[in-house]
Each structure stands twice: as C-alpha cells, then as structure tokens.
Amino acid sequence: MTIWINFLRSLLLTIIFSFVAPMFLVGGILLLVSLMGYIPGLQGITEAIATHILQFLVIFGSGTALRGLIVISLTCSFVGALFDTYAYYRCQILR
C-alpha cells in the first residue's frame, strides 16, 4: 500500500511542478523584457519581443494569451505525468 501512496505523491508533485514551470518561465521572460524596457533605447525592441511572445500564446489559446499559457502548462503537466509513470515503471522492473 505504501508503494501506491509514494507513487501517487510523486505523480501529484510532478504534475504540479510541470504545470507551474512553464508559467514561471513565460512570466519570468515577460518580466525581464518589461524591465529591459526601462533602459533608454530598448523600448521599441522590448515592446516587439513582448508582442511576439503574447501572439505566440494567443495562437495556442484561441485568441487569449492566458488561455494559451494554460494550454501549454497543461500539456507540460501531462507529459511530466507520463514521464514520471514511465520512470516509476522502470524503477520497479530494475529492482
């Protein structure tokens, strides 16, 4: 029974971290780009970069950048869960 509890705990943590990681990555990039906008002479470049990032998210979100970020995060979460399940399976076989 403890094997299943350990597996489910590992799977839940993997799903959560795999969901949050793309949000932090995209949020960090947008924060860095917005902070670079305060440097004189870089306002136009940083605005163009932020616009391209938001347009990329809009493509996956059917018109909304936030929905695109959630879709990408859910996909990463699903892939992380599959990888964790495979790693657990391989660990059980190699014992």
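For clarity, every value in this text was computed on a predicted model and none was experimentally measured.

(A) View of the overall build of the chain. Looking only at helices and strands, one finds 3 helices and 0 strands in the chain. Taken from the N to the C terminus, the helices and strands of the chain come in the order α-α-α. For 95 residues, the compact-globule estimate of 2.2 N^0.38 gives 12 Å, and the C-alpha radius of gyration of the chain, at 19 Å, exceeds that figure by more than 25%. Across its three principal axes, the chain shows a C-alpha extent of roughly 60 × 30 × 20 Å.

(B) Here's a closer look at the packing of aromatic side chains. Under the definition given, this model contains 3 aromatic pairs. Each ring, one from W4 and one from F7, has its centre 6.0 Å from the other, and the planes form 80°; the classification is edge-to-face. Note that W4 and F7 are positioned in helix α1 (residues 2–36) at a spacing of 3 residues, about one turn of the helix. On the basis of an interplanar angle of 35° and a centroid distance of 4.5 Å, the ring pair of F7 and Y88 is categorised as tilted. Residue F7 is found in helix α1, and its partner Y88 is found in helix α3 (residues 65–94); the two are separated by 81 residues along the sequence. Here a set of aromatic residues connected by ring pairs shows up, and it is made of W4, F7 and Y88.

(C) Local environment of a nonpolar patch on the surface. A cluster of nonpolar residues, F83, Y86, Y89, I93 and L94, forms a patch on the protein surface that exposes about 600 Å² of accessible area. Within the secondary structure, I93 sits in helix α3. When its relative accessible area of 42% is taken as the criterion, I93 is described as partly exposed.

(D) Looking closely at the confidence of the model for the chain. Per-residue confidence for the chain averages 93 on the pLDDT scale, and 100% of its residues sit at or above 70. Within the chain, the element-level pLDDT minimum falls on α3, averaging 93, and the maximum on helix α2 (residues 43–60), averaging 95.

(E) Structural detail: the side chain of S73. As for its position among the elements, S73 is in helix α3. Among all residues touching S73, those that are not within four sequence positions of it are S18, F19, P22 and M23.

(F) Region of the structure containing unusual backbone geometry. Although it is not a glycine, S62 sits at a positive phi angle of roughly 55°. Its relative accessible area of 66% is what places S62 among the exposed residues.

(G) Examining the packing of α1 against α3 more closely. Taken N-terminus to C-terminus, the directions of α1 and α3 make an angle of 145°; their axes are 8 Å apart at the nearest point. The chirality of how α1 crosses α3 is right-handed. Split into classes, the residues belonging to the contact of α1 with α3 amount to 15 nonpolar, 8 polar and 1 charged.

Criteria and cut-off values
Residues numbered from 1 in each chain as written. Predicted model: local features only at pLDDT ≥ 70, side-chain atom pairs only at ≥ 80, totals over all residues. Heavy atoms only, no water. Helix = DSSP H or I, 4+ residues; strand = E, 2+ residues; numbered from the N terminus. Rg over C-alpha atoms; globule rule 2.2 N^0.38 Å. Phe/Tyr/Trp six-rings, centres within 6.5 Å; stacked < 30°, edge-to-face > 60°. Patch = residues over 30% accessible without salt bridge, like charges linked within 9 Å, V, L, I, M, F, W, Y side chains within 5 Å. Areas by Shrake-Rupley, 256 points an atom, 1.4 Å probe, with all protein chains shown as cover. Salt bridge = Lys/Arg side-chain N within 4 Å of Asp/Glu carboxyl O. Buried < 20%, exposed > 50% of the residue type's maximum accessible area, 1.4 Å probe, protein only. pLDDT = per-residue confidence, 0-100. Contact = heavy atoms within 4.5 Å. Axes fitted to C-alpha atoms, helices over the stretch in contact; angles between N-to-C directions. Left-handed = near helix turned anticlockwise from the far one by under 90°. Nonpolar A, V, L, I, M, F, W, Y, C, P; charged D, E, K, R; others polar.

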